[in-house]
Structure formats: structure tokens, C-alpha cells
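Here's the letter readout for the chains.
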Amino acid sequence: MRWSAFLLCLLVALRALGGEFGLRIGQPTLDRWMYPFDFEPGNRVTASTFASFDSRFDTRDAQFLLGWDTAALVAPKAAPARYLLRRVRVSVTVSRDKTFFYDPTYDSYVTYMTNQPGYVVDGDLGRPIELYGAGFRGGFTAETFLENSAYGPLNAFTSSNISIATRNAFAAQFDARGELIDLANHVGQANATWTNAPFEARPWAVGQTTNAAPGELVPEDSVLTFELDLTDPLVVGYVQGALANGRLRFFISSLSPAQQATVGGTGNGGFGSYPLYANKENALYDPPKLELDGALITDEDSDTDGLPDDWERFYFGDITATPEADPDGDGADNRREYATGTQPLAAASAFRLLASTFDADGQVQVRFTTAPGRTYRVEVSADQQNWSPAQGQLTYPATGVAEFTEQRLNLPPAVPPFGFCRVVIE
Ligand SMILES: [Ca+2]
Ligand SMILES: [Ca+2]
Ligand SMILES: [Ca+2]
Ligand SMILES: [Ca+2]
């Protein structure tokens, strides 16, 4: 009794209330094979990912949802920008021997559209296994969607009444507006209810293994490791928001060919060559695993220099950094790097205005770099005294770059066009 009380205290003390954290969670809170015809969701010992080119089904037909609840290990409910990340890594164990070819690099969507214009032959054997964020619909959220929640809106469905793009949880990526979108049908799926144009997916990670060379069949018990792309502020922002929420959710998805005939659709149907992974219910193989290293930044500032201790330690290892210094020589001193959410030891990471122009109609366009966990708004002024918010749209045309276009002119253009704008970072 005494011993267990002590253990409890120790666990509480280990939870990161601030400062560095290093999670090694060898068991997910939930894992779910997200496939329409999984009639025992949450209980299966294996999950697979594959494509269907039958127009009745999502092209990314079988997906694998993974979730880790983190609130017991990293304090939730802080502002998302306070969670700084060094590494986010997910790994899964392959539970069937040599059923798919190892491809460690992304294949463009055009390599799947075998009988459509624009088709390009896949240049390397096999299909990559990809990791993405998780999106929810049908009233579900990361809180409420569980291992055994309903697949979609129908209580009972058959292969003829199920419709595409209706699954309640789906592999998702950020679109140009910075919103999470379902990418189940991005390679040119077409039917009466789905007429969207194809688009490129951008995996947050592609599964890597040392158990096979590219193009070789992957043996049973291989570990596929997904190292998250932390150069994308939107992806980092997703993980930050998940830690603040105490629930981290990812999807594994691949367009590996499934063993079924291609009915008037596109793609390499006909031969099964898809992977199988062990779920946490599987006693024979290691379960999916999360490794997450970072720091939670609290306000504590022992040397009262305006740079929080945790921030200084995260980047410099101690608290001797000064706000005026610019150790990476990018023109942004440490105070500014901290305020704008950029990295003080990386010259490529700094807030920069990349362009500010009037177009032919006198509409303002501003391009600038972005950082994780920050929001941006643009204000305009004729005299640099009175500022008003610009009405317009923020888009993310490239990784780490935002573009603001004013939709309704607040400031009539002078001749020649002249005015001031500023970007406010929150
Ligand atoms: Ca390939
Ligand atoms: Ca300080
Ligand atoms: Ca700097
Ligand atoms: Ca920098």
C-alpha cells in the first residue's frame, strides 16, 4: 500500500508541468482499422492499408487510426505555441511476411491514374506507407471518436449503399487555406457524388525500415518508422494543438494495391500487395509506438531577461542567452525569435516579409514566413498612425509561407498606389 502510494507520487512528479519531456509510449490509447467492412472495430489484432479503385469506395479504402492520450504525461491546456517539439516519431510492426514491396519515397498521384489522361508510370517498385493527421466528421472529434465508434452515417450498409468521403474519421492533410481535409479520394476517383479534381497529397511522414532494401518484399516483424516532418509549421501546429488537448491522433494510409478486380475504375487492382500491421490487441507483435520529445514553456524567467527559462534551455541548454544577441545572424535577435515563434539557432527560421504589392486593381498582397502555433492578421494604414484590419484571405501557398490577399479594399489606392501594411503576430 505504502509502495503504491509512493509510486503514484513519483508518476505525478514525472509529468511535465513545464520544461523538457520525452514520451516513449509503447501502447496506443486506441488503434482502429478504419475500413467500411470491419465489423469488429477495435477488436481485430491486425489492420491493413490499401486502395480501392472501385468508384463505390474511397480510394484510400482501408486506413489505420492511431491515438495516444498524453495528458497524464505532458500537462494539457497550455497555449499550443508553448509546446516546442524536437521529434515526433510513430512506429508500427509488420505482422505478415513479404506481402508488399518497400518504397521509402512518395509516389505522385498521377502514378495511380492508370487509365486517365496524365498517367505517369510509377518509377520505383512498391507503394509508400504514409502518415497523416486525423480529421473527423459526423459530429465526432478526437475526444469522442473511439475504437468502436460508427464508421459512417449509415447504421447498416452494404457495398451498394455506402458512399465515398463519408467515414467519420479520415486521414487528413492541410489544404492551401490551412484547413484539414479528407484525402481519401485525391487520385482521381470519380462517381456521381464525387467530382472533385485530383490533387497531390503531402504525407507528414513516409514509413522507413531497415529490414528491406527499396523494392524488396518487407519481412514479418519489420518495424516501419514514421518521422514527422517538423519543417511544416502547420504540421507542428497540429501536434501542439493535440498536446494542448491531451489527445494525439494520426492515420496511416497507403494506396497499396488490394486483391480485388478493378470495376471500371482506375489503378492497379487485381493483385494484393498490401501491408498488415499489429494492433495493440495483438499478443504476438509489438504494438504501435509513439516517441515524442519537446518542452513545455512556462513563464518562469529566473534572470528576468524576458526569455522564459524553458525556452532558453530548449534552444541553448542553459539560461545564459540574452535578448539582444543574434547567434544565428539572421537579423532577428533572441527577443524577436521568441516573440515570433522562430528558432534562434537557425538562420533560415525568422519572421520575414517576402513581398508586399498592390495588384492591378490596387488590392494589397502580402507574403511572409510563418511559425508554428501563431496566428497572423494584416492591418493597413495610409499614415502609419491609424491602422485598420485588412479584409481578406490568408492562404498557405508553400510550406512555411503565408499569403494575404485583400478582398475588399479598405484603403483606396493613391496614384501611384501607396499605402502601409503590417503583419500582426499573435
Ligand atoms: Ca512506387
Ligand atoms: Ca530568462
Ligand atoms: Ca536570430
Ligand atoms: Ca532564427
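Going along each chain's sequence as written, the residues are numbered from 1 onward. The naming scheme follows written order: chains are lettered A onward, ligands numbered 1 onward. Two thresholds apply to this predicted model, a pLDDT of at least 70 for residue-level local features and 80 or more for giving and counting side-chain atom pairs, whereas whole-chain, interface and lining totals are computed over all residues.

The subject of this paragraph is the overall build of the protein chain. Within the protein chain, the secondary structure is distributed over four helices and 20 strands. The principal-axis extents of the C-alpha atoms in the protein chain amount to approximately 70 × 65 × 45 Å. Using C-beta atoms placed from the backbone, we call a residue buried if 20 or more other C-beta atoms fall within 10 Å of its own, exposed if 12 or fewer do, and partly exposed for counts in between. Each of the 426 residues in the protein chain was classed as buried or not, and the buried ones make up 36%. Think of it this way: build a C-beta for each residue from its backbone, and any pair within 7 Å is a contact. Within the protein chain, counting contacts between residues at least 6 apart in sequence, those at least 24 apart form 67% of the total. For helices the rule is a DSSP run of H or I covering at least 4 residues; for strands it is a run of E covering at least 2, with both sets numbered from the N terminus onward.

Moving on, we get to the environment of P327. Of note, P327 is situated in the loop between α3 (309-316) and α4 (334-340). Taking the C-beta count within 10 Å as the criterion, P327 has 15 such neighbours and is therefore assigned partly exposed. Spatially, the C-alpha atom of P327 lies 30 Å from that of W204, the residues being 123 residues apart in sequence. Those residues in contact with P327, other than ones at most four positions away along the chain, are P344 and L345.

The next point concerns the sheet that holds strand β19 (residues 401-408). Sheet strands pair via backbone hydrogen bonds, and the direction of the pair is either parallel or antiparallel. Note on pairing: DSSP must find at least two bridges between two strands before they are called paired. Pairing is antiparallel in the open sheet, where four strands are placed in the order β14-β15-β19-β18. Each edge of the open sheet is held by one strand with a lone partner, namely β14 (353-358) and β18 (391-398). Neighbour-to-neighbour, the strand axes of this sheet turn through a mean angle of 15 degrees, independent of strand direction. The pairing of β14 with strand β15 (residues 364-369) spans five bridges and is classified as antiparallel. Note on β15: the bridge partner recorded for T357 is Q365. The convention used is that axes are lines fitted to C-alpha atoms, helices contributing only their stretch in contact, and that angles between N-to-C directions extend from 0 to 180 degrees.

What follows concerns unusual backbone geometry. Unlike most non-glycine residues, D221 shows phi in positive territory, near 75 degrees. Relative to the helices and strands, D221 is located in the loop between β9 (205-206) and β10 (223-227). Residue D221 is classed as partly exposed on the basis of its 15 C-beta neighbours within 10 Å. With a phi angle near 65 degrees, Q384 is a residue other than glycine that sits in the positive phi range. With respect to the helices and strands, the residue Q384 is situated in the loop between β16 (376-381) and β17 (388-389). Q384 gets classed as exposed once you count the C-beta atoms within 10 Å, which come to 9.

Turn by turn, an α-helix covers 3.6 residues, leaving residues three or four places apart pointing in a common direction. Residues of α3 that are buried: D310, W311, E312 and F314. Downstream of α3 by a residue or two, G317 has a phi angle that is positive, lying close to 85 degrees.

Moving on, we come to the domain arrangement of the protein chain. Note that the domain bounds reflect an automated or database-derived domain assignment. Under the domain assignment, the protein chain is made up of domain 1 (14-293), domain 2 (301-340) and domain 3 (353-425). Each of domain 2 and domain 3 has a C-alpha centre, and the two are 29 Å apart.

This part is about the pairing of β15. Between β14 and β15, which pair antiparallel and follow one another directly, the connecting turn spans five residues, one of which, G362, has a positive phi of 80 degrees. Across five bridges, the pairing between β15 and β19 is antiparallel. Across the sheet, the residue bridging to T369 is V401, located in β19.

Strand order in the open sheet formed by three strands is β17-β16-β20, with antiparallel pairing between adjacent strands. The outermost strands of the open sheet, each flanked by one partner alone, are β17 and β20 (420-425).

Glancing now at the nonpolar core. Definition of nonpolar core: a set of buried Ala, Val, Leu, Ile, Met, Phe, Trp, Tyr and Cys residues joined via C-beta atoms within 7 Å. With 74 residues, the main nonpolar core has F64, L131, Y132, V239 and F251 as its most contacted residues. Counting contributing residues per domain, this core is built from domain 1 (14-293) and domain 2 (301-340), each supplying no fewer than three. Setting aside anything within four residues of it in sequence, one finds V239 in contact with L85, V88 and L248. Counting residues in hydrophobic clusters, the runner-up holds eight residues, among them V380, A390, F404 and C421.

With that out of the way, let us pick up helix α2 (residues 233-245). For a helix, the expected span equals 1.5 Å multiplied by the residue count minus one. Compared with an ideal rise of 1.5 Å per residue, which puts 13 residues at 18 Å, α2 spans 18 Å between its outermost C-alpha atoms and is within 8% of the ideal. Where burial is concerned, most of α2 is hidden: 10 out of the 13 residues are buried. Buried within α2 are the following residues: P233, V235, V236, G237, Y238, V239, Q240, A242, L243 and A244. Looking one or two places after α2, you find G246, whose phi comes out positive at around 75 degrees.

Once that is clear, we can look at the environment of Y376. Mapped onto the secondary structure, Y376 falls in strand β16. Take Y376: there are 16 C-beta atoms within 10 Å of it, and that puts it in the partly exposed class. When the C-alpha atoms of Y376 and A81 are compared, they prove to be 13 Å apart, with 295 residues separating the residues in sequence. The contacts of Y376, once residues within four sequence positions are left out, are T370, L394, A402, V423 and I425.

Of all seven residues making up strand β4 (residues 63-69), six are buried, and the element is well covered by its neighbours. With five bridges connecting them, strand β2 (residues 30-34) and β4 associate as antiparallel partners. Counterpart to W33 in the pairing with β4 is F64. By the bridge criterion, six bridges tie β4 to strand β11 (residues 247-253) in an arrangement that is antiparallel.

The pLDDT value expresses, per residue, how confident the predictor is, ranging between 0 and 100. When the pLDDT values of the protein chain are averaged, the result is 90; 91% of them are 70 or greater. Here residues 261-270 is a poorly scored stretch, pLDDT under 50, and it has 27 contacts once near neighbours within four places are set aside; other chains count.

This next bit is on the environment of S273. Counting through the fold element by element, S273 comes out in the loop between β11 and β12 (276-278). Look at S273 and you get partly exposed, because 19 C-beta atoms sit within 10 Å. Residue contacts for S273: discarding those within four places in its chain leaves T99, F100, F101, S256 and P257.

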